[in-house]
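Coordinate inspection notes
Chain by chain, the residues run as shown.
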Amino acid sequence: MATSKSAVDKTALHKPVVMTDLKGQTLVTLRTLTEENPASLETYIKLGGYSALKRIVTEKTKATDIITEVKTSGLRGRGGAGFPTGLKWSFMPRYFDGVKYLVCNSDEGEPGTFKDRDIIRYNPHQLIEGMAIAAYTLGARVGYNYIHGEIWQDYEIFEAALHEAKAAGYLGENILGSNFNFDLYAVHGYGAYICGEETALIESIEGKKGQPRFKPPFPASYGVFGKPTNVNNTESYTSIPWILEHGGQAFADLGVPNSGGTKLFSVSGHVEKPGNYEVKMGTPFNELLELAGGVWKGRKLKAVIPGGPSTPVMPAEAIMAATMDYEGLSKARSSLGAGSMIVMDETTCMVKALHRLSYFFYEESCGQCTPCREGTGWVYRVIDRIVNGKGKMEDLDLLTDVSNNIAGRTICALGEAAATPVLSFIKHFRPEFEYYIQHGKSMVESQ
Amino acid sequence: MLSPQAIEKIDYELTKYPADQRQAAVMSALRIVQTERGWLSKESITEIAQYLRMPEIAAMEVASFYNMYDLSPVGKYKITICTNISCMLRDSDEIVNHLKAKLGVGFNEVTPDGKFCLKEGECMGCCGGAPLMHVNNTDMHEFLTVEKVDAIIEELK
């Protein structure tokens, strides 16, 4: 063992890389970050934590009233699909003779997505409270938070928070002296992007390989162990306590029409200060970029993938004019996704960037559906030959054709996710691909 | 045979599921045994399957589906480095090349002394700290530089 132990800066891991509050913004999901020990139960209670749960179980608030409040808030699923959370909750059968389940999807693994990790390690109790409120509302007796295995240290933080919450009477039997019972457990993945798909995640909880189920039936009728199950994203559940403390309308007012609340944006790639930023929905992209310190090394912005690679890439001028909310980005012909912004500067070779992304989807396709299993391999091999100087001009049409034959022909959305970067990169940066094919080398790197 | 320590940990995981759903604990059981033994041999997987009263093939399916399980020896320290887009944009290639040269191995190879193995990982969901790597599936090292990598390797030696 060397003596230079201090040479390894492990503190960087637990230092918040989250910056926000530029203009006195209201923090929702990362509100504990203003405090010294953000993850502790004490901190959370000091900030009003568990008060919403306490009020609900004491006053025996009607489930329908809670769902109405969540609908009013305009909260939409933060995992990427943007489905209204209140509406999803109303799909759960009210009466069911047996155990109903609640699942939290903390299986981040789409490149550029790392927001739920910061909730888990900096504000675990708000997530626990949000899940407990959801369980009360939906009549779920047991819950699982499925956390991807790569963030093991954060998994342990969350599991410790669960024990703390149980000891304090916020979980388990007769919560806060009421007759409401809810057991919540941490479970983990171990390296499979596909488990972020909710039915693959359910298979994984059951101890199986994570291959998506055919739908319908949806999890609300046939989920974990075949029982009614509600699945939401980490950030969605974490927004719930705030909504019930301040009212659905107050949450809606933080954002813009059809996009209520604040949102965590994970900013990575070519910026000075990568990290998570909690800002109001509808924030202009250029303000977010400014928060992240701007494009690094004083370089010019080239392109941004706004919501993870399953959302279309946007050239600089398009993203600079966009606002960060569901409609703002869909008007700009992309999508908010999970708010995972991958920023690329002028030195980025788009052919090589797509090469890497196509390898990811090829590697992570679960192999169940032929168009995806074979198609992602085709796409990767064709881009690989372009990068190795063996591309042909017809390859661009071939890539488009193969991608169009994956999208819409698979059980889950990974097919679309794999096709989207191919189609959008070629659409916006076609001359770079043509140059690479003609010259056998990168246009950007040749300049 | 599974060690008493491993059984104790697996039993804790079993408390999270209904009594008739022992298979649900297989993800944890594979992790627990791999952490103890370094990797998962066929025999290890068989022992886990028997303990959870599930078909061996079903346990093998899980072990081979998820990429953090190792079905062959990986040396004392498995270093998994992410090369996905956010890491690539922040020069993970430089870190990869440095590690390959320093350890004298390519991806999926173990150093002759059995100490280090280098793996290419897919996105680990920590892209704000890019470039980054894992040691033995648990210790995450972020904001890597060549100097920082040297210090980490030195400490492990």
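The preceding data block contains the structure.
Quick notes on the rules
Residues numbered from 1 in each chain as written. Chains lettered and ligands numbered in written order. Predicted model: local features only at pLDDT ≥ 70, side-chain atom pairs only at ≥ 80, totals over all residues. Heavy atoms only, no water. Disulfide = S-S within 2.5 Å. Buried < 20%, exposed > 50% of the residue type's maximum accessible area, 1.4 Å probe, protein only. Patch = residues over 30% accessible without salt bridge, like charges linked within 9 Å, V, L, I, M, F, W, Y side chains within 5 Å. Areas by Shrake-Rupley, 256 points an atom, 1.4 Å probe, with all protein chains shown as cover. Salt bridge = Lys/Arg side-chain N within 4 Å of Asp/Glu carboxyl O. Lys, Arg positive; Asp, Glu negative; His and termini not counted. Charge placed at Lys NZ, Arg CZ, Asp CG, Glu CD. Helix = DSSP H or I, 4+ residues; strand = E, 2+ residues; numbered from the N terminus. Phe/Tyr/Trp six-rings, centres within 6.5 Å; stacked < 30°, edge-to-face > 60°. Lys NZ or Arg CZ within 6 Å of the ring centre and 35° of its normal.

Glancing now at the state of the cysteines. Residue and element names in this part refer to chain B. Taken as a whole and assessed by the stated rule, the structure comprises 0 disulfides over all chains. Sulfur of cysteine 123: no disulfide; nearest cysteine sulfur belongs to cysteine 127 and is 3.8 Å away. Classification of cysteine 127 by relative accessible area gives buried; the value is 5%.

As a further point, take a negative patch on the surface. Together, Glu363(A), Asp91(B), Asp93(B), Glu94(B), Glu120(B) and Glu147(B) make up a negatively charged patch on the protein surface. In this fold, Glu94(B) is placed in helix α6 (residues 92-103). By relative accessible area, Glu94(B) is classed as partly exposed at 47%.

Another point: the pattern of salt bridges. Residues and elements named next belong to chain A. With the rule as written, the count across this model stands at 32 salt bridges over all chains. For glutamate 198, the salt bridge goes to lysine 88, with nearest N and O atoms at 3.5 Å. In this pair, glutamate 198 sits in helix α9 (residues 198-205) while lysine 88 sits in helix α5 (residues 85-89), placing the two residues 110 residues apart along the sequence. Lysine 88 gets classed as partly exposed once you look at its relative accessible area, which sits at 24%. For glutamate 173, the salt bridge identified is with arginine 141, shortest N-O distance 2.9 Å. Taken together, the positions of glutamate 173 in the loop between α8 (152-167) and β3 (183-188) and arginine 141 in the loop between α7 (124-138) and β2 (142-147) put the pair 32 residues apart, joining distant regions of the chain.

Right, let's get into the packing of aromatic side chains. The final tally for this structure, using the stated rule, is 21 aromatic pairs over all chains. On the basis of an interplanar angle of 65 degrees and a centroid distance of 6.0 Å, the ring pair of Tyr359(A) and Tyr362(A) is categorised as edge-to-face. Note that Tyr359(A) and Tyr362(A) are positioned in helix α15 (residues 350-364) at a spacing of 3 residues, about one turn of the helix. For Tyr359(A), a relative accessible area of 21% gives the class partly exposed. Taken together through their ring pairs, the aromatic side chains of Tyr101(A), Tyr144(A), Tyr185(A), Phe225(A) and Tyr17(B) make up a single cluster. Lys263(A) extends its terminal NZ or CZ atom over the ring of Phe265(A), reaching a point 5.8 Å from the ring centre. If you follow Lys297(A) out to its NZ or CZ, it ends over the ring of Trp296(A), 4.1 Å from the centre.

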